[in-house]
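# Per-entry structural report
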Amino acid sequence: TVYRYFPSKEALFRAVVERHLDSSWSRGREIAEAYGTMTAREVVALLLSRWEAVLREPGPRRVAILVLREAPLFPDCVALYESELLTRGRLSFERALRHGIERGEFPLLQIEATARALIGAPLEQLLWESTFGSPVEEGTQAALMVRGLPRLDQRSVVEVPAPPTLPSEPVAPGTLRITTLRPPGSH
């Protein structure tokens, strides 16, 4: 009887997603006031804790799991979830990161990539918990993410030396070649 109200599985999926598209966690008076009273790092922590709280609510939690697991089958619904919820949240993280750079709390960093990682971490944890169990204590992941943000005294880009070039000896077809790379200075 459900198809009496929804013409297809995709329409049903879209209705469920639309019902749980509340991005208010990423904006509002509390967030706006935080910029005057908190450090940028604290604003990021506040945004993360609010996002994690949304993902602990039964409805939004189930929808997020559904979107993550059914993404290949319903790309339009996933795009809706991303544009109406994740992008709005990511923009809030970007604002907090820019605020931190302007105030001298963060060095120059890749704002979009950092914001994407911040908004994605609770989703990854949700996927991990729903698939493998072993929930993480509330607030642990947010604390780890915020602690991992670079400080001014750290370089925001770490240069990694290129691996040594490998000899270009011809290898016979069907031959397995194993090469061990060692860090510079090791024997």
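A brief report on the enclosed structure follows. Bear in mind the structure is a predicted one, so any value in this text is a computation, not a measurement. (Residues numbered from 1 in each chain as written. Predicted model: local features only at pLDDT ≥ 70, side-chain atom pairs only at ≥ 80, totals over all residues. Heavy atoms only, no water.)

This part covers the overall build of the chain. Secondary structure assignment for the chain yields seven helices and zero strands. From first element to last, N terminus to C terminus, the chain shows the α and β order α-α-α-α-α-α-α. When the 187 residues of the chain are sorted by exposure, 33% land in the buried category. Here the analysis covers contacts within the chain between residues at least 6 apart in sequence; of these, 69% occur between residues at least 24 apart. Put simply, the chain shows about 12,400 Å² of open surface, and 57% of that area lies on carbon and sulfur atoms. (Helix = DSSP H or I, 4+ residues; strand = E, 2+ residues; numbered from the N terminus. Buried < 20%, exposed > 50% of the residue type's maximum accessible area, 1.4 Å probe, protein only. Contact = heavy atoms within 4.5 Å. Areas by Shrake-Rupley, 256 points an atom, 1.4 Å probe, with all protein chains shown as cover.)

Right, let's talk about the pattern of salt bridges for a bit. Evaluation of the coordinates by the stated rule reveals eight salt bridges. With a shortest N-O distance of 3.2 Å, Glu105 and Arg103 are connected by a salt bridge. Here Arg103 falls in the partly exposed class, since its relative accessible area comes to 44%. Among the ionic contacts, a cluster of salt bridges with common partners joins Arg90, Glu94 and Arg98. (Salt bridge = Lys/Arg side-chain N within 4 Å of Asp/Glu carboxyl O.)

Time to look at helix α6 (residues 111–132). The terminal C-alpha atoms of α6 lie 31 Å apart, and with 22 residues this matches the ideal 32 Å at 1.5 Å per residue to within 8%. Its axis deflected by about 30° at Gly120, α6 carries its strongest bend there, up to four residues before the proline Pro122. Here α6 has its buried residues at Ile111, Thr114, Ala115, Leu118, Ile119, Ala121, Pro122, Leu123, Gln125, Leu126 and Glu129. Looking at the buried residues of α6, the elements they touch are α3 (40–56), α4 (58–70), α5 (75–102) and α7 (140–147). Gly133 sits one or two residues past α6 and shows a positive phi near 85°. (Expected span 1.5 Å × (residues − 1). Bend = angle between axes of the 7 residues up to and from the residue.)

Counting residues in each nonpolar core, the largest one holds 39 residues, and the members touching the most others are Trp25, Val44, Trp51, Tyr81, Phe93 and Leu97. When contributions to this core are tallied by element, the ones reaching two or more residues are α1 (9–19), α2 (29–37), α3, α4, α5, α6 and α7. If one sorts the elements of this core by residue count, α3 sits on top with nine residues. When residues no more than four places from it in sequence are discounted, the contact partners of Val44 are Phe93, Ala96, Leu97, Leu118, Val146 and Leu149. (Core = buried A, V, L, I, M, F, W, Y, C linked by side-chain atoms within 4.5 Å.)

Quick look at α2 now. Of all the positions in α2, only Ile31, Ala34 and Tyr35 are classed as buried. For α2, the angular spread of buried residues about the axis comes to 100°, placing them on one side. Residues of α2 that are exposed and point more than 90 degrees away from the buried face comprise Arg29, Gly36 and Thr37. Buried residues along α2 sit in contact with α3 and α5. (Arc of directions from axis to C-beta.)

All right, on to the packing of α3 against α4 then. Where α3 contacts α4, the axes come no closer than 5 Å and their chain directions differ by 90°. The angle between α3 and α4 falls in the class roughly perpendicular. Of the residues in α4, those touching α3 at Val54, Leu55 and Arg56 are Pro58, Pro60, Arg61 and Ala64. Taken together, the residues of the contact of α3 with α4 sort by class into five nonpolar, no polar and two charged. (Axes fitted to C-alpha atoms, helices over the stretch in contact; angles between N-to-C directions. Parallel < 35°, antiparallel > 145°, perpendicular 65-115°, else oblique. Nonpolar A, V, L, I, M, F, W, Y, C, P; charged D, E, K, R; others polar.)

Tracing the sequence through the fold places Glu105 in the loop between α5 and α6. Here Arg41 takes part through its backbone nitrogen, which lies 3.5 Å from a polar atom of the side chain of Glu105. Look past the residues within four positions of Glu105 in its chain and what remains in contact with it is Thr39, Ala40, Arg41, Gly100, Pro150, Arg151 and Leu152. (Polar contact = N/O pair within 3.5 Å; in protein donor to acceptor, adjacent residues only side chain to side chain.)

All quantities given are derived from atomic positions and should not be read as evidence of function.
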